Amino acid sequence: MSRNLIVGLDVGTSKICTVVAEVNLNDQLEIVGIGTSISRGVRKGVLINIEAALDSISNSIEAAELISGCDITSLSVSMSGSSVEGTNSRGVVAINSKTREINEEDVERVIEAAKAIVIPMDREILHVIPQEFIVDGIPHIKNPIDMMGIRLEGEVHIITGSSSSGQNLVRCVNRAGFAVDEVVLGSLASSYATLSKEEREMGVLFIDMGKGTTDIILYIDGSPYYTGVIPIGVNRVTLDIAQVWKVPEDVAENIKITAGIAHPSILESQMETVIIPNLGTRPPQEKSRKELSIIINSRLREIFEIMRSEILKRGLYNKINGGIVLTGGGALFPGISNLIEEVFNYPARIGLPMSINGIGEEHIDPKFSSALGLVLYKHEQQKFNKLKKGSSKVKRKNKISSKLKGWFLKEWF
Ligand SMILES: Nc1ncnc2c1ncn2[C@@H]1O[C@H](COP(=O)(O)OP(=O)(O)OP(=O)(O)O)[C@@H](O)[C@H]1O
Ligand SMILES: [Mg+2]
């Protein structure tokens, strides 16, 4: 019997990561190999040099094949970049059947109606995620199928991105010799790896802070209501350190990772120092770690304040009782939750990827949330499809488009 493999390829600005997972006979996901390569040809989450990226992608997939002993043929790939944005939309349809019983086709029709917004030629839809349905004026319905009514309204969150960015990504993976099953928003994937169902229901601001971008999804009542990408990631902090302390970028990066903290209040002593190694003829220098924390804190605070004002602007600020969850490499700054709590006045936590069978300690790290999330996302889709097949009632009209699956999952799990 052939193995049921799920493969996710996270194309990040700092690293490209391939996760190979196998679904066992009990329908459980097991990680069988993870391959990582240094990312080249990617800037702020977008592919800018196909040849360079092709090499990095091939290296990552080959490493994963070697470790897992599996032949990879197809995979899901993550997408990010400042072109990604989310819009909320609403559609309305009449229920025509004699019984007035709402069926899957009605749900499809209302989603199609909600999707009928003007999308510029250079963008395409990545995801359409239903938020809620309204049946004859009664709101907050998560699943209207089998309910009686004459008027069905559907509210959806539509996530779009640049068509050419998506096409370049797919083309690059194809040129490496692999088929792309699906292009998934990277932050949507990482939210699957880190958020609990309860948090999504309570309302949570999810942040994936990587090297090149900071991606946000705001969940309310279990569904996304706001999606955004700030084209500034933690590499900006490295550049700040390099500029203020007049050191090369690689030295600044090393200082950031080994001694960087996001909030001066967590320093044990104000007198702590950081040593800058000798550079050419310049002798080693001793610097204040508090000064380093202030450089880092200022930039991170600026990024979080941009986010805060975006959410305030949309009137969603009082909807996040589940607090704030931060993942991605930026979450590794000690003291970053203190800073977030200070800016937002909501509780914050670091989002580590949830433990999956077969995963090694070294991968339970916020940098891998997106890659691991890709396989979790796909697995949930598969589980949902299986349940659907098993339900004889649904068998009659088994035609929900793949773009809708994400939402129905939360009804089942
Ligand atoms: N201990 C640490 N403290 C602070 N930053 C760190 C630490 N370790 C790694 N980083 C930073 O995390 C970043 C990498 O994070 P991540 O792997 O999430 O990015 P990416 O997914 O490749 O990029 P993006 O999502 O922006 O395209 C690097 O810029 C690195 O400097
Ligand atoms: Mg990332």
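Predicted model, so just to flag it, every value in this text is computed and none were measured. (Residues numbered from 1 in each chain as written. Chains lettered and ligands numbered in written order. Predicted model: local features only at pLDDT ≥ 70, side-chain atom pairs only at ≥ 80, totals over all residues. Heavy atoms only, no water.)

Chemist: Looking at this structure, how should I read the overall build of the protein?
Modeler: A count of helical and extended segments in the protein gives 12 helices and 18 strands. The C-alpha radius of gyration of the protein comes to 23 Å, within 12% of the 22 Å expected for a compact globule of 413 residues. With respect to the principal axes defined by its C-alpha atoms, the protein has extents near 85 × 50 × 40 Å. Counting all 413 residues of the protein, 54% fall into the buried class. Partitioning the contacts of the protein with sequence separation of at least 6, the portion at a separation of at least 24 is 68%. A total of about 18,300 Å² of accessible surface is found on the protein, and carbon and sulfur atoms cover 51% of it. A gap of 4 Å separates the mean positions of the 46 positive and 49 negative side-chain charges of the protein. (Helix = DSSP H or I, 4+ residues; strand = E, 2+ residues; numbered from the N terminus. Rg over C-alpha atoms; globule rule 2.2 N^0.38 Å. Buried < 20%, exposed > 50% of the residue type's maximum accessible area, 1.4 Å probe, protein only. Contact = heavy atoms within 4.5 Å. Areas by Shrake-Rupley, 256 points an atom, 1.4 Å probe, with all protein chains shown as cover. Lys, Arg positive; Asp, Glu negative; His and termini not counted. Charge placed at Lys NZ, Arg CZ, Asp CG, Glu CD.)

Chemist: What am I meant to see in unusual backbone geometry here?
Modeler: When glycine is set aside, most residues are seen to have a negative phi, and most peptide bonds are trans. Here the phi dihedral of D136 falls at roughly 45°; this positive angle occurs in a residue that is not glycine. Along the chain, the position of D136 falls in the loop between strand 8 (123-135) and strand 9 (138-141).

Chemist: Is there a simple way to think about the sheet that holds strand 3 (residues 29-38) in this case?
Modeler: Pairing between the strands of a sheet is mediated by backbone hydrogen bonds and can be parallel or antiparallel. With mixed pairing, the five strands of this open sheet are ordered in space as 3-2-1-6-11. Either end of the sheet is taken by a strand with one partner, and the two such strands are strand 3 and strand 11 (179-185). Ignoring strand direction, the axes of neighbouring strands in this sheet form an average angle of 20°. Two strands pair when backbone bridges link them, and strand 6 (residues 74-79) and strand 11 are joined in this way by six bridges, in the parallel orientation. Paired with S78 across the strands is V184, a residue of strand 11. The sheet strands contacting helix 1 (residues 50-68) are strand 1 (5-11), strand 2 (15-23), strand 3 and strand 6, and the helix crosses strand 3 at an angle near 145°. (Pairing = 2+ DSSP bridges. Axes fitted to C-alpha atoms, helices over the stretch in contact; angles between N-to-C directions.)

Chemist: Explanation requested: the nonpolar core in the structure shown.
Modeler: Most often, soluble globular proteins keep nonpolar side chains buried together rather than apart. L205, W245, L300, F304, I336 and F344 are the most contacted members of the largest nonpolar core, which totals 45 residues. In terms of residues, this core owes the most to one element, helix 8 (residues 289-313), which gives eight residues. Counting 40 residues, the second-largest nonpolar core is a separate cluster that includes L9, L54, V77 and Y192. (Core = buried A, V, L, I, M, F, W, Y, C linked by side-chain atoms within 4.5 Å.)

Chemist: Would you mind showing me how to read the packing of helix 6 (residues 235-245) against helix 7 (residues 249-259) here?
Modeler: A pair of packed helices is captured by two measures, namely the crossing angle of their axes and the spacing between those axes. Remark: helix 6 packs on helix 7, axes separated minimally by 8 Å, with the N-to-C direction vectors making an angle of 115°. Our classification of the angle between helix 6 and helix 7 gives roughly perpendicular. Remark: the crossing between helix 6 and helix 7 carries right-handed chirality. For the pair helix 6 and helix 7, the contacting residues are N235, V237, T238, L239, I241, A242 and W245 in the first and E249, A252, E253, I255 and K256 in the second. (Parallel < 35°, antiparallel > 145°, perpendicular 65-115°, else oblique. Left-handed = near helix turned anticlockwise from the far one by under 90°.)

Chemist: Even after reading the chapter, I still don't get the sheet that holds strand 17 (residues 324-327), so can you show me in this structure?
Modeler: If you trace the five strands from one edge of the open sheet to the other, you get 14-13-12-17-18, paired in mixed fashion. The strands lining the two open edges of the sheet, one partner per strand, are strand 14 (223-230) and strand 18 (348-350). Taking each pair of neighbouring strands and ignoring which way they run, the sheet shows an average axis angle of 20°. Two strands pair when backbone bridges link them, and strand 17 and strand 18 are joined in this way by three bridges, in the parallel orientation. Of the residues in strand 18, the one forming a bridge with L326 is I350.

Chemist: How should I be thinking about the packing of helix 1 against helix 3 (residues 163-175) in this particular structure?
Modeler: Close contact between helix 1 and helix 3 brings their axes to 9 Å; oriented N to C, the two are set at 55°. One element, helix 1, and the other, helix 3, form an angle in the oblique class. Of the two possible hands of crossing, helix 1 and helix 3 adopt the one that is right-handed. Facing I50, E51, A53, L54 and I57 of helix 1, the residues of helix 3 in contact are N168, C172, V173 and R175. Per-class residue counts for the contact of helix 1 with helix 3 are six nonpolar, one polar and two charged. (Nonpolar A, V, L, I, M, F, W, Y, C, P; charged D, E, K, R; others polar.)

Chemist: What am I meant to see in the packing of aromatic side chains here?
Modeler: The geometry of an aromatic ring pair comes down to the distance between the two centres and the angle between the two planes. Under the criterion given, the structure shown has four aromatic pairs. Grouping aromatic residues by their ring pairs yields a cluster made of F304, Y317, F344 and Y346. Above the face of the Y192 ring, R200 is positioned so that its terminal group lies 5.2 Å from the ring centre. Cation over ring: R200 sits above Y219, and NZ or CZ is 5.8 Å from the ring centre. (Phe/Tyr/Trp six-rings, centres within 6.5 Å; stacked < 30°, edge-to-face > 60°. Lys NZ or Arg CZ within 6 Å of the ring centre and 35° of its normal.)

Chemist: What's the story with the pairing of strand 10 (residues 151-162) in this structure? I'm lost.
Modeler: In summary, the side chains of a regular strand alternate between the two faces of the sheet. Of all 12 residues making up strand 10, 11 are buried, and the element is well covered by its neighbours. As judged from the 10 bridges shared by strand 7 (residues 85-94) and strand 10, these two strands associate in the antiparallel manner. For G86, the partnering residue across the bridge sits in strand 10 and is I159. Two strands pair when backbone bridges link them, and strand 8 and strand 10 are joined in this way by 11 bridges, in the antiparallel orientation. Bridge pairing in strand 10 links H127 to I159.

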